[in-house]
Amino acid sequence: MSSSGRKIILKSSEGELFEVDEAVALLSPTMMEADNVISLPKVTSEILEKVIDYCKKHAEAYETDADELQSWDLDFVNHSDSGTLLDLIAAAHDLKIECLVDLACSTIAGHIENKTREEIFEYFGYN
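Residues numbered from 1 in each chain as written. Predicted model: local features only at pLDDT ≥ 70, side-chain atom pairs only at ≥ 80, totals over all residues. Heavy atoms only, no water.

**Q** Go over the pattern of salt bridges, please, and point to the residues and values.
**A** It is possible for side chains of opposite charge to pair when their charged atoms get near one another. With the rule as written, the count across this model stands at two salt bridges. Close ionic contact of Arg-6 with Glu-22 constitutes a salt bridge, the shortest N to O distance being 3.4 Å. Here the residue Arg-6 occupies a position in the segment before β1 (7-11), and Glu-22 occupies one in helix α1 (residues 22-25), the gap between them amounting to 16 residues. For Arg-6, a relative accessible area of 28% gives the class partly exposed. (Salt bridge = Lys/Arg side-chain N within 4 Å of Asp/Glu carboxyl O. Helix = DSSP H or I, 4+ residues; strand = E, 2+ residues; numbered from the N terminus. Buried < 20%, exposed > 50% of the residue type's maximum accessible area, 1.4 Å probe, protein only.)

**Q** Describe the nonpolar core, naming the residues involved and giving the relevant values.
**A** Counting residues in each nonpolar core, the largest one holds 32 residues, and the members touching the most others are Leu-10, Met-31, Val-51, Leu-95 and Ile-97. Here the element with the most residues in this core is helix α3 (residues 45-59); it accounts for seven residues. Here Leu-95 is in contact with Leu-10, Ser-28, Pro-29, Thr-30, Met-31, Ile-38, Leu-40, Leu-48 and Val-51, once residues within four sequence places are set aside. (Core = buried A, V, L, I, M, F, W, Y, C linked by side-chain atoms within 4.5 Å. Contact = heavy atoms within 4.5 Å.)

**Q** Can you lay out the state of the cysteines for me, pointing to particular residues and giving the numbers?
**A** All chains considered together, the criterion is met by zero disulfides. Cys-105 carries a free sulfur, and the closest cysteine sulfur to it, the one in Cys-99, is 12 Å from it. When its relative accessible area of 36% is taken as the criterion, Cys-105 is described as partly exposed. (Disulfide = S-S within 2.5 Å.)

**Q** Describe in detail the packing of α3 against helix α4 (residues 66-78), supporting the description with residues and values.
**A** For the pair α3 and α4, the least separation of the axes is 11 Å and the interaxial angle reads 175 degrees. Taken together, the axes of α3 and α4 lie roughly antiparallel to each other. Contacts between α3 and α4 involve Lys-50, Asp-53, Tyr-54, Lys-57 and His-58 on the former and, on the latter, Glu-68, Leu-69, Trp-72, Asp-73 and Phe-76. A per-class count over the contact of α3 with α4 returns four nonpolar, one polar and five charged. (Axes fitted to C-alpha atoms, helices over the stretch in contact; angles between N-to-C directions. Parallel < 35°, antiparallel > 145°, perpendicular 65-115°, else oblique. Nonpolar A, V, L, I, M, F, W, Y, C, P; charged D, E, K, R; others polar.)

**Q** Explain the environment of Ile-38 residue by residue, including any values.
**A** Positionally, Ile-38 belongs in strand β3 (residues 38-39). For the pair Ile-38 and Phe-18, spaced 20 residues apart in the sequence, the C-alpha separation amounts to 9.7 Å. Contact partners of Ile-38, with chain neighbours within four places excluded, come to Ile-8, Ile-9, Leu-10, Lys-11, Thr-30, Met-31 and Leu-95.

**Q** Hey, could you go over the pairing of strand β2 (residues 17-21) for me, with residue numbers and the actual values?
**A** Relative to β2, β1 is paired through five bridges, and the arrangement is antiparallel. The residue of β2 that forms the bridge with Ile-8 is Val-20. Hairpin connection between β1 and β2: a loop of five residues separates the two successive antiparallel strands, and Gly-15 in this loop has a positive phi of roughly 90 degrees. (Pairing = 2+ DSSP bridges.)

**Q** An account of helix α5 (residues 82-94) is needed here, citing residue identities and associated values.
**A** When the terminal C-alpha atoms of α5 are compared, their 18 Å separation across 13 residues agrees well with the 18 Å that a helix rising 1.5 Å per residue should span. Buried within α5 are the following residues: Ser-82, Thr-84, Leu-85, Leu-88, Ile-89, Ala-91 and Ala-92. Of the surrounding elements, those touching the buried residues of α5 are α3, α4, α6 (98-112) and α7 (117-123). Two or three places before Gly-83, at the start of α5, stands the capping residue Asp-81, its side-chain oxygen 3.2 Å from that residue's backbone nitrogen. (Expected span 1.5 Å × (residues − 1). Polar contact = N/O pair within 3.5 Å; in protein donor to acceptor, adjacent residues only side chain to side chain.)

On their own, these measurements won't tell you what the molecule is for.
See below:
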């Protein structure tokens, strides 16, 4: 992936700034339409880093075969707890990264499929 001249700046809820190449921002209409800093007051730096990692990997997808990318995606979400997945969904929704929203939602759906109400409450930390 070559570095583009245009940079998009994202600002986390802690005020940390993240500079993203235009090629990485292509997954997000919100990033592509931005003229200045995109402030994300509900997105922590930790979650924003994960979203950027996801976008970087998908920006490099043309260099990666489909099976490898799918494996990377599964590894990306399967090493996340329910709270992180929910935060990823919210951040991806704010940035309009539909493929990440879909991936995280389907992961949660798979985790709670065929669970009792009590097991679902426990999964989301409502004990």
